[in-house]
Amino acid sequence: MKKQLSQNWLISKYWLRFLIIILLVIGVFFRFVNIDKRIYWGDEVFSSLRISGYMQSETREQLSNGRLLTIKDLQKYQYPNPEKNAIDTIKGVILEDSQILPLYILLARFWVELFGNSVAVTRSFSAFISLLTFPCIYWLCRELFESSLIGWIAIGLVAVSPVHVVYAQEARAYSLWIVAILISSLALLRAMRLKTKVSWCIYTATLVLGFYSHIFFSFVALAQGIYVVAIERFRFSKTSIYYLLSSFTGFITFVPWLWIIITNPQPEAVTWANAKQTLFASVARWAGIFSRTFFDLGISPSDPGKLKIALIPFILIILALISYSIYVLCRRTSKEIWLFVLTLIGSVGLPLLLVDFVFQKRYATTRYTLPSVLGIELAVAYLFTTKLTSIYTKIWQKKLWSLVAVMVIMGGVISCIVHSQAQIWWNQLPERYQEYPKIANIISQGNKPLLITDDNIIPSIEILGHLVAPKMRFQIVEPKKLPEITNGFSDIFLFKPSDFLQTGIEKIYSSKLQQINDLLWKIRKST
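Residues numbered from 1 in each chain as written. Predicted model: local features only at pLDDT ≥ 70, side-chain atom pairs only at ≥ 80, totals over all residues. Heavy atoms only, no water.

A.B. asks: Help me out: how do you make sense of the overall build of the protein in this one?
C.D. replies: When you go through the protein residue by residue, the secondary structure sums to 23 helices and six strands. Its C-alpha atoms put the protein at 95 × 50 × 45 Å along the principal axes. Residue pairs in contact within the protein that sit at least 24 positions apart in sequence constitute 76% of those at least 6 positions apart. Of the roughly 24,300 Å² of accessible surface on the protein, 65% is carried by carbon and sulfur atoms. Of the charged side chains in the protein, 53 are positive and 32 negative, and the gap between their average positions amounts to 12 Å. (Helix = DSSP H or I, 4+ residues; strand = E, 2+ residues; numbered from the N terminus. Contact = heavy atoms within 4.5 Å. Areas by Shrake-Rupley, 256 points an atom, 1.4 Å probe, with all protein chains shown as cover. Lys, Arg positive; Asp, Glu negative; His and termini not counted. Charge placed at Lys NZ, Arg CZ, Asp CG, Glu CD.)

A.B. asks: Just checking my understanding: could you explain the sheet that holds strand E5 (residues 511–515) for this structure?
C.D. replies: The strands making up a sheet are joined through hydrogen bonds of the backbone, oriented either antiparallel or parallel. The strand order E1-E3-E2-E4-E6-E5 describes an open sheet built from six strands, whose pairing is mixed. The outermost strands of the open sheet, each flanked by one partner alone, are strand E1 (68–69) and E5. Bridge count between E5 and strand E6 (residues 520–525): five bridges; the pairing is antiparallel. Its bridge partner lying in E6, Lys-512 is registered against Arg-524. In the packing of helix H22 (residues 457–465) onto the sheet, contacts are made with strand E2 (449–453), strand E3 (473–476) and strand E4 (491–495), and the angle to E3 comes to roughly 165 degrees. (Pairing = 2+ DSSP bridges. Axes fitted to C-alpha atoms, helices over the stretch in contact; angles between N-to-C directions.)

A.B. asks: What's the story with the packing of helix H5 (residues 86–96) against helix H6 (residues 102–115) in this structure? I'm lost.
C.D. replies: Helix packing for two helices is described by the angle between their axes and how far apart those axes are. As a packed pair, H5 and H6 sit with axes 10 Å apart at the nearest point and diverge in direction by 145 degrees. Of the two elements, H5 crosses H6, and the hand of that crossing is right-handed. For the pair formed by H5 and H6, the contact residues are Ala-86, Thr-89, Ile-90 and Val-93 on the first element and Ile-105, Leu-106, Arg-109 and Phe-110 on the second. Broken down by class, the residue content of the contact of H5 with H6 amounts to six nonpolar, one polar and one charged. (Left-handed = near helix turned anticlockwise from the far one by under 90°. Nonpolar A, V, L, I, M, F, W, Y, C, P; charged D, E, K, R; others polar.)

A.B. asks: Looking at this structure, I do not really get the nonpolar core. What am I missing?
C.D. replies: The tendency in soluble globular proteins is for nonpolar side chains to be buried side by side. Counting residues in each nonpolar core, the largest one holds 142 residues, and the members touching the most others are Phe-145, Leu-157, Tyr-227, Leu-378, Phe-384, Leu-451 and Phe-474. Each residue touching Leu-157, except ones within four places of it in the same chain, is listed here: Phe-294, Glu-377, Val-380, Ala-381, Phe-384, Val-408 and Ile-409. Core analysis: the second largest hydrophobic core is formed by 12 residues, Leu-450, Ile-452, Phe-489 and Ile-492 among them. (Core = buried A, V, L, I, M, F, W, Y, C linked by side-chain atoms within 4.5 Å. Buried < 20%, exposed > 50% of the residue type's maximum accessible area, 1.4 Å probe, protein only.)

A.B. asks: Mind showing me how you'd approach helix H2 (residues 42–52) here?
C.D. replies: Since there are 3.6 residues in each turn of an α-helix, residues three or four apart along the chain are aligned in direction. Taking burial as the measure, the 11 residues of H2 include 10 buried ones, the bulk of the element. All of the buried residues along H2 are Gly-42, Asp-43, Glu-44, Val-45, Ser-47, Ser-48, Leu-49, Arg-50, Ile-51 and Ser-52. Directly beyond the C-terminal end of H2, a positive phi value near 95 degrees is found at Gly-53.

A.B. asks: Please clarify how a nonpolar patch on the surface should be interpreted in this entry.
C.D. replies: A surface patch of nonpolar side chains, amounting to about 370 Å² of accessible area, comprises Leu-297, Val-406, Met-410, Ile-414 and Val-418. Mapped onto the fold, Val-406 is located in helix H19 (residues 395–421). (Patch = residues over 30% accessible without salt bridge, like charges linked within 9 Å, V, L, I, M, F, W, Y side chains within 5 Å. Salt bridge = Lys/Arg side-chain N within 4 Å of Asp/Glu carboxyl O.)

A.B. asks: Got a minute to help me understand the pattern of salt bridges in this structure?
C.D. replies: It is possible for side chains of opposite charge to pair when their charged atoms get near one another. Counting across every chain of the model gives 12 salt bridges. Between Glu-83 and Lys-76 there is a salt bridge; the shortest N-O distance is 3.4 Å. Exposure remark for Glu-83: the relative accessible area of 54% places this residue in the exposed category. Accessibility expressed as a relative area gives 29% for Lys-76, which makes it partly exposed. The salt bridge involving Lys-522 is made with Asp-491; its shortest N-O contact spans 2.9 Å. Of this pair, Lys-522 sits in strand E6 while Asp-491 sits in strand E4, placing them 31 residues apart in sequence. Comparing Lys-522 with Asp-491, the two get one shared label, buried. Taken together, the shared-partner salt bridges in this structure form one network comprising Arg-50, Glu-96 and Asp-97.

A.B. asks: Help me understand the side chain of Thr-59 in this model?
C.D. replies: Relative to the helices and strands, Thr-59 is located in helix H3 (residues 56–63). Discounting chain neighbours no more than four positions away, the residues touching Thr-59 are Leu-49, Tyr-54, Ser-64, Tyr-77, Ile-457 and Ile-458.

A.B. asks: Looking at this structure, how should I read helix H11 (residues 174–194)?
C.D. replies: Over its 21 residues, H11 extends 30 Å from the first C-alpha to the last, a length consistent with the 30 Å expected when each residue adds 1.5 Å. Taking burial as the measure, the 21 residues of H11 include 17 buried ones, the bulk of the element. (Expected span 1.5 Å × (residues − 1).)

A.B. asks: Just to check I follow, could you spell out the packing of H2 against H6 for this structure?
C.D. replies: For the pair H2 and H6, interaxial distance at closest approach is 9 Å and the crossing angle is 70 degrees. As far as their axial angle goes, H6 and H2 are roughly perpendicular. Two secondary-structure elements touch here, H2 through Ser-47, Arg-50, Ile-51 and Ser-52 and H6 through Ile-105, Ala-108 and Arg-109. Classifying every residue of the contact of H2 with H6 gives three nonpolar, two polar and two charged. (Parallel < 35°, antiparallel > 145°, perpendicular 65-115°, else oblique.)

A.B. asks: Sorry, what's going on with the packing of aromatic side chains here?
C.D. replies: What the rule picks out here adds up to 28 aromatic pairs. Where Tyr-104 meets Phe-125, the ring centres are 5.6 Å apart and the plane angle is 45 degrees; that geometry is what we call tilted. Of this pair, Tyr-104 sits in helix H6 while Phe-125 sits in helix H7 (residues 119–130), and the two are 21 residues apart along the sequence. With a centroid separation of 5.7 Å and an interplanar angle of 10 degrees, the aromatic rings of Tyr-324 and Trp-401 are classed as stacked. Highlighted residues: Tyr-324 in helix H16 (residues 305–332) and Trp-401 in helix H19, separated in sequence by 77 residues. With a relative accessible area of 32%, Tyr-324 lands in the partly exposed category. (Phe/Tyr/Trp six-rings, centres within 6.5 Å; stacked < 30°, edge-to-face > 60°.)

Shown next, in the form of structure tokens:
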């Protein structure tokens, strides 16, 4: 009987791995398919500005002089060019975006220089980096749970996880941050097991990688310190000493950039987080953040309330699954395992929870809670593995948990399919940018169209620059200044014009303005 069970388990084990390989292929496909279809939104425009080596002040000075501009003129400030080098890139980050760590920007610059200037190429760097998530989470599971099967199931969950696919197709540092979190976690556990100088040096190197990948990695490093102290029971052991030396060395390498952040603060970069929100709004926001780990149809705050209400049952089921996974993990594993997962979940999640609920801010976003997402995925991977393979689980229970696992996977696949066909997603601020594709389509229809604006070049005009046809021409002026009259254009539009520009255009063109939507006007010649 025991031999038969062993043979059945062997067969199911191979079938399970085969299915996970299929999920892996699907996950890789969705990380690259239609990678340039969605709008290149504000944050990505800023990433490209940093990659180009130009500063925002330079862009404004060189483009806001009223001369006619082509798409090529705008894209000069979105891609690498001979006029600027990597040093200029670092300089731009230091002076204008100090909270953005330079590692991703520099690597992305080299990637674009190697493979060419396009949205697809710029985003593909994040997609390529995201592929490293698979081996990293597998080896982390091997080190943490001493189980290759949990690693395989974790790979399957991550492969079709909507949140991983979303950030794999965004020209920001989040995929790099995910990899840095996993590598540093793996290196820490390995160093604590081997207790060798080499393993602790490797951990130090992963800390440096993490510190320069994302500013919130500091919370992850702090959580790792709490884990080591708790496991060592506050003793000044050999492991504690090695950890202190490694973390101190890693932190010292980050001090120069920390000083840059302090001396060049960019408070306007997080002004969006100062918006007050009610307790109910905070609860709903956090529920949405965690549910996107496994199911995401792109619903944003600007979508109708009926769509949000329809998602409530799915969100509650996912939250129940997450809660039960953590419960089972804490009940059935050793302190070394469950404490590691809990500190990973709480590393960034707990500070953001406190800020949101105590101070009624809205700092919590999915991109900031990625360490929590990884911890949740580890807990769910352990739950599925134990429920599907344990000899103590009854047949009907295995069937039930098999159905749950299939539903979770299907939810992820459906989410990825919907995301692959969308032109804008919730992470791209649709409440602000959803009209841009429509505007680009309208202004590109003329034979020789011109767009006049006195709005900010970064990001608004550069976003349109990635959407409109090459025949489009732009005329950008500084506030309180009017453009020179230009002839020979079939259609002339105003984009987000000030009252001063609207009044002035009507006078110099002897025309009336027709408002098309909240952002766009068209010049109509007076008869």
